[in-house]
Amino acid sequence: MRETSRYRAAARMIAAIGVVTLVAACSGNGGANGGGDAAGYPDQNITIVVPFSAGGPTDTVTRMIAEPMAAKLGGKVVVQNVEGAGGTVGAGEVARAEPDGYTVLMHHIGMSTAPALYKDLGYKPLEDFEMVGLVTEVPMTVVARKDFAPTTLQDLVTHVKANANKVTLANAGIGAASHLCGLLFQTATGVKLQEVPYQGTGPALTDLVGGQVDFMCDQTTNTSGQITAGKVKAYAVTTPERVKSLPDLPTTVEAGLPQLQVSVWHGLYVPADTPQEIVEKLSEALKVALADQGVIDQMAKLGTAPVPAQDATPQAHRAKLEEQLGTWGKIIADAGVKVS
């Protein structure tokens, strides 16, 4: 059991000074008085916490759905960035917030990898949150500096096996999507490579384009522009089907490495004990947002798409999280990766 009373008291104090949830000036009634009343929900601003920096892929996806969700709910949705420690700072704050539906979390695949990466996480994904629904699954791409010798994914596999002590594999930091994809690549090929971690995707891609590192694996939201501009060499997309925005890029199955299947899935969460009626209202608003043509078009430009309506549900979201916790727990344990 969580120490509910202590956490809720702390959450109310934080909310009062406007750090985690709502700035009082933005609220029509000046305070958090929703109290989990589903009948009148929402009667104040809803804050979606993004545990990563503004302008990143998760932040971008969140801002896409915020307005159509607000329209369906009949209120205002505010996006707030609470970054730090691979997304665990923001997630932890939401886990301890008042379970009244006014503090929501948008998180990605990192929700399923954090328990294996962090020794003292401070929350349990399946116990301290209610799932609202999945949002999107962003494909990953395997890309390299444009003058890198291998020309196909199979050539790349052959090359890294022969030059494991020389090839450099970049990522955006421990626990980042690019790091996870890189771990899966090494598992799939049976090769241990020299990993080069960066403080974010931006510097990693900059060095890749500049030729300082050999290759990496990252989201289409980050790599599509570099691929279409011819600044990097692209080998494959890590999903079962090709990406519409990159129609000539084969899948890893087509390219001969079917074990490399990964996408950066995103989902919405609220604190555990949030009334089920409120969870359902949020889930219904999410479905409406994902069916919005503007959202569909914006996501398409990033090489992704909204999940089907049946996946934007608490049940589908929980099943996905349970499966991913098991998958990534083993991969990370086998790789011996741990954040102190």
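Each remark here, short or long, concerns the structure printed above.
Residues numbered from 1 in each chain as written. Predicted model: local features only at pLDDT ≥ 70, side-chain atom pairs only at ≥ 80, totals over all residues. Heavy atoms only, no water.

A.B. asks: Explain the packing of aromatic side chains residue by residue, including any values.
C.D. replies: Scanning the model with the defined rule gives four aromatic pairs in all. Both rings, one in Phe-185 and one in Phe-215, keep their centres 5.3 Å apart while their planes meet at 65°; by these two values the pair is edge-to-face. Separated by 30 residues along the polypeptide, Phe-185 in helix α6 (residues 177-189) and Phe-215 in strand β7 (residues 215-219) bring together distant segments of the chain. Grouped by ring-pair contacts, the aromatic residues Tyr-123, Phe-129 and Tyr-269 constitute a single cluster. (Phe/Tyr/Trp six-rings, centres within 6.5 Å; stacked < 30°, edge-to-face > 60°. Helix = DSSP H or I, 4+ residues; strand = E, 2+ residues; numbered from the N terminus.)

A.B. asks: An account of the side chain of Lys-233 is needed here, citing residue identities and associated values.
C.D. replies: Looking at the secondary structure, you find Lys-233 in strand β8 (residues 232-237). In this structure the side chain of Lys-233 is engaged in a polar contact, spanning 2.5 Å, whose partner is the backbone oxygen of Phe-148. With residues up to four places along the chain from it excluded, the contact list for Lys-233 reads Val-142, Val-143, Ala-144, Arg-145, Lys-146, Phe-148, Ala-149, Pro-150 and Thr-151. (Polar contact = N/O pair within 3.5 Å; in protein donor to acceptor, adjacent residues only side chain to side chain. Contact = heavy atoms within 4.5 Å.)

A.B. asks: Tell me about the pairing of strand β4 (residues 129-145), residues and numbers included.
C.D. replies: Looking along a regular strand, one sees side chains alternate from face to face of the sheet. β4 sits mainly inside the fold: 15 of its 17 residues count as buried. By the bridge criterion, nine bridges tie β4 to strand β9 (residues 263-271) in an arrangement that is antiparallel. Considered in β9, the bridge of Leu-134 is made with Gly-267. In this structure, β4 lies alongside β7, joined through five bridges in antiparallel fashion. The partner of Val-142 across the bridge, within β7, is Cys-217. Alignment of β4 against β8, held across five bridges, turns out to be antiparallel. From the neighbouring strand, Val-143 faces β8, where its bridge partner is Ala-234. (Buried < 20%, exposed > 50% of the residue type's maximum accessible area, 1.4 Å probe, protein only. Pairing = 2+ DSSP bridges.)

A.B. asks: Account for α6, with residues named and values stated.
C.D. replies: A rise of 1.5 Å per residue sets the reference length of α6, with its 13 residues, at 18 Å; its end C-alpha atoms lie 18 Å apart and thus fit the reference within 8%. Within α6, twelve of the 13 residues are buried, which leaves it mostly tucked inside the rest of the structure. Within α6, burial applies to Ala-177, Ser-178, His-179, Leu-180, Cys-181, Gly-182, Leu-183, Leu-184, Phe-185, Gln-186, Ala-188 and Thr-189. (Expected span 1.5 Å × (residues − 1).)

A.B. asks: I'd love a proper account of the nonpolar core, names of residues and values included.
C.D. replies: Residues Ile-65, Phe-129, Val-135, Leu-156, Phe-215, Leu-268 and Leu-282 are the most contacted members of the largest nonpolar core, which totals 88 residues. Counting residues per element, this core draws most heavily on β4, which supplies nine residues. One finds Val-143, Tyr-198, Leu-205 and Val-213 within the second-largest nonpolar core, a separate group that totals 14 residues. (Core = buried A, V, L, I, M, F, W, Y, C linked by side-chain atoms within 4.5 Å.)

A.B. asks: Residue-level account of the packing of helix α2 (residues 57-73) against helix α10 (residues 293-301), with values.
C.D. replies: The contact between α2 and α10 brings their axes to 10 Å, and the two run at 170°. Considered as vectors, α2 and α10 are oriented roughly antiparallel to each other. Here Val-61, Met-64, Ile-65 and Pro-68 of α2 lie close against α10, whose contacting residues are Val-295, Gln-298 and Met-299. For the contact of α2 with α10, a count of residues per class yields six nonpolar, one polar and no charged. (Axes fitted to C-alpha atoms, helices over the stretch in contact; angles between N-to-C directions. Parallel < 35°, antiparallel > 145°, perpendicular 65-115°, else oblique. Nonpolar A, V, L, I, M, F, W, Y, C, P; charged D, E, K, R; others polar.)

A.B. asks: Tell me about α2, and please be specific about residues and values.
C.D. replies: With 17 residues, α2 extends 24 Å from end C-alpha to end C-alpha; this agrees with the ideal 24 Å at 1.5 Å per step. At Ala-66, α2 shows its largest bend, some 30°, and a proline, Pro-68, comes one to four positions later. Burial of α2 is extensive: twelve of the 17 residues sit out of reach of the surface. Residue Gly-74 follows α2 closely and has a positive phi angle near 80°. (Bend = angle between axes of the 7 residues up to and from the residue.)

A.B. asks: Describe unusual backbone geometry, with residues and values.
C.D. replies: With an omega dihedral of -5°, the bond running from Tyr-41 to Pro-42 counts as a cis peptide bond. Summarising the element assignment, Pro-42 is placed in the loop between α1 (4-16) and β1 (46-50). The residue Ala-85 is not glycine, and still its phi comes out positive at about 50°. For Ala-85, the location among the structural elements is in the loop between β2 (77-81) and α3 (88-95). Since its relative accessible area comes to 42%, Ala-85 is described here as partly exposed. A positive phi angle, close to 80°, is found at Asp-273, a residue other than glycine. Assignment of secondary structure puts Asp-273 in the loop between β9 and α9 (276-290). On the accessibility criterion, Asp-273 (46% relative accessible area) is partly exposed.

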